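Understanding the architecture of this molecule
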Amino acid sequence: MQQHPHTRGRTSGRFAGLTAALAAAVALTTLGGPGAHAADNPYERGPAPTASSIEALRGPYAVSDVSVSSLSVSGFGGGTIYYPTSTADGTFGAIAISPGFTAYESSIAWLGPRLASQGFVVFTIDTKTTLDQPASRGDQLLAALDYLTQRSSVRGRIDSSRLGVMGHSMGGGGSLEAAKDRPSLQAAIPLTPWNLDKTWPEVRTPTLIFGADGDTVAPVSSHAEPLYTGLPSSLDRAYLELNGASHFTPNTSNTTIAKYSISWLKRFIDNDTRYEQFLCPLPRPSLTIEEARGNCPHTS
């Protein structure tokens with residue numbers, strides 16, 4: 001997954017991250033400084049990951065949550081904020097997640113505690129109406145992030161420079177709209193997305209798209225795949241098609257979605273190259289993965 005040319009000031013480009021890691025290793029060896037590893041990546045959170053740790057129902061952080069009434073916000077429909085209970089590790093990156101057409105927050109609620117327990121503040125939202133289209137859902141995701149970082153009761157726990165978006169179906173299409181409108185976003189993950197716009201040359205945000213081989217609502221041939229190919233070829237991007245899955249697979253707890261979403265968010269929101277191993281080489285076809293594509297520098 002190659003570094004794209006417009007990083008907008010972030011240090012999350014793959015080669016930059018690896019170079020920093022090498023430099024820190026040299027410093028630790030030659031200088032013996034106790035802070036050398038910490039200086040390598042100040043955003044690193046949690047223990048070194050394993051396949052088991054990213055597939056687990058809960059990560060290393062205990063999680064609390066707070067409900068946000070639609071009456072107390074503007075620009076979106078309220079929702080639930082999930083966040084690591086402890087403040088010992090400092091601030092965290094944050095993610096807003098939108099449901100799909102006719103759906104409510106409950107349809108994507110499982111992602112809240114699962115992602116938050118890995119070291120993120122996660123806002124699963126309701127939209128203003130269940131019929132809102134992707135462009136509106138993109139605006140609402142950004143409004144939710146603005147609320148999180150500026151007004152919410154957990155704003156002091158968030159690093160407002162490290163934000164991402166996710167969404168299901170039209171919410172997935174909305175996550176692309178949000179990335180287009182706010183290039184400073186660090187990660188976008190559309191889940192079985194639906195959007196009539198198939199060209200996204202403006203997107204500068206590392207994007208992981210999930211498709212489903214059995215999707216009849218937003219078939220991959222007319223949505224997920226062209227949305228992926230419509231992103232700039234130089235972008236850090238990936239496409240993962242779920243095997244034996246439907247349009248609604250992202251609405252219930254799913255280990256494959258969780259493990260690769262966690263890895264993507266850690267890699268690009270936290271600049272954490274420890275998660276690179278789960279993204280590159282690309283996963284092979286399996287009982288859960290139909291196919292994978294992406295810009296891995298060490299794969300063809």
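See the structure shown above.
As a starting point, this report considers the structure included with it. The shown structure was predicted, so the numbers you read here are calculated from the model rather than taken from an experiment.

Here is what the cut-offs are and how they apply
- Residues numbered from 1 in each chain as written.
- Predicted model: local features only at pLDDT ≥ 70, side-chain atom pairs only at ≥ 80, totals over all residues.
- Heavy atoms only, no water.
- Salt bridge = Lys/Arg side-chain N within 4 Å of Asp/Glu carboxyl O.
- Helix = DSSP H or I, 4+ residues; strand = E, 2+ residues; numbered from the N terminus.
- Buried < 20%, exposed > 50% of the residue type's maximum accessible area, 1.4 Å probe, protein only.
- Phe/Tyr/Trp six-rings, centres within 6.5 Å; stacked < 30°, edge-to-face > 60°.
- Lys NZ or Arg CZ within 6 Å of the ring centre and 35° of its normal.
- Core = buried A, V, L, I, M, F, W, Y, C linked by side-chain atoms within 4.5 Å.
- Contact = heavy atoms within 4.5 Å.
- Disulfide = S-S within 2.5 Å.

Things to note about the pattern of salt bridges
For the structure shown, the criterion picks out 11 salt bridges. Between Arg274 and Glu44 there is a salt bridge whose closest N-O contact spans 3.6 Å. With Arg274 in the loop between helix H8 (255-269) and strand S9 (289-294) and Glu44 in the loop between helix H2 (36-40) and helix H3 (51-55), this pair connects stretches of sequence that are 230 residues apart. Among the ionic pairs, Lys180 bridges to Glu177, the shortest N-O distance being 3.4 Å. Of the two residues, Lys180 and Glu177 both sit in helix H6 (residues 170-181), three residues apart, roughly one turn of that helix. When salt bridges with common partners are traced through the structure, they connect Asp159, Arg162, Lys266 and Asp270 into a single cluster.

Brief notes about unusual backbone geometry
Following Cys280, the chain continues into Pro281 via a peptide bond in cis, with omega recorded as 0°. Here Pro281 lies in the loop between H8 and S9. The backbone phi angle of Thr192 is positive, close to 35°, even though this residue is not glycine. You can see Thr192 is positioned in the loop between strand S6 (187-191) and strand S7 (207-212). Residues other than glycine seldom take positive phi values, yet Asn271 does so here, at roughly 55°. Along the chain, Asn271 falls in the loop between H8 and S9. Overall, the relative accessible area of 8% leaves Asn271 in the buried class.

Remarks on the packing of aromatic side chains
Under the counting rule described, the total for this entry stands at seven aromatic pairs. Seen from their ring centres, Tyr61 and Phe92 are 5.4 Å apart, and the 85° between their planes marks the pair as edge-to-face. Taken as a pair, Tyr61 in the loop between H3 and strand S1 (63-68) and Phe92 in strand S3 (residues 92-98) lie far apart in primary sequence, 31 residues in all. Relative to Tyr239, the ring of Tyr228 has its centre 5.9 Å away and its plane inclined at 40°; by these criteria the two rings are tilted. You can see Tyr228 sitting in helix H7 (residues 224-229) and its partner Tyr239 sitting in strand S8 (residues 237-242), a full 11 residues away along the chain. For the pair formed by Tyr228 and Tyr239, the shared burial category is buried. One aromatic cluster is present, built from ring pairs that chain together Phe76, Phe123 and Tyr147. Above the ring of Phe120, the side-chain terminus of Lys266 is found at 5.3 Å from the ring centroid.

Looking at the nonpolar core
Among the nonpolar cores identified, the biggest contains 38 residues, and Phe76, Ile81, Val121, Phe123, Leu145 and Leu148 are the most heavily contacted of them. For this core, the elements supplying multiple residues, two or more each, are strand S2 (79-84), S3, strand S4 (120-125), helix H5 (134-150), strand S5 (158-168), H6 and H7. For Leu148, the contacting residues outside a window of four places in its chain are Ile81, Ala94, Ile95, Val121, Phe123, Val154, Arg155 and Ile158. Ranked by size, the runner-up nonpolar core spans 34 residues in total, among them Leu240, Ile257, Trp264 and Leu279.

Focus: the state of the cysteines
A complete count under the given rule lists one disulfide for this structure. For Cys280, the disulfide goes to Cys296, at an S-S distance of 2.0 Å. Taking the torsion about the S-S bond as the criterion, the Cys280 to Cys296 disulfide, at about -85°, is left-handed. Within this pair, whereas Cys280 is found in the loop between H8 and S9, its partner Cys296 is found in the segment after S9, the two being separated by 16 residues in sequence. Judged by relative accessible area, which is 5%, Cys280 ranks as buried.

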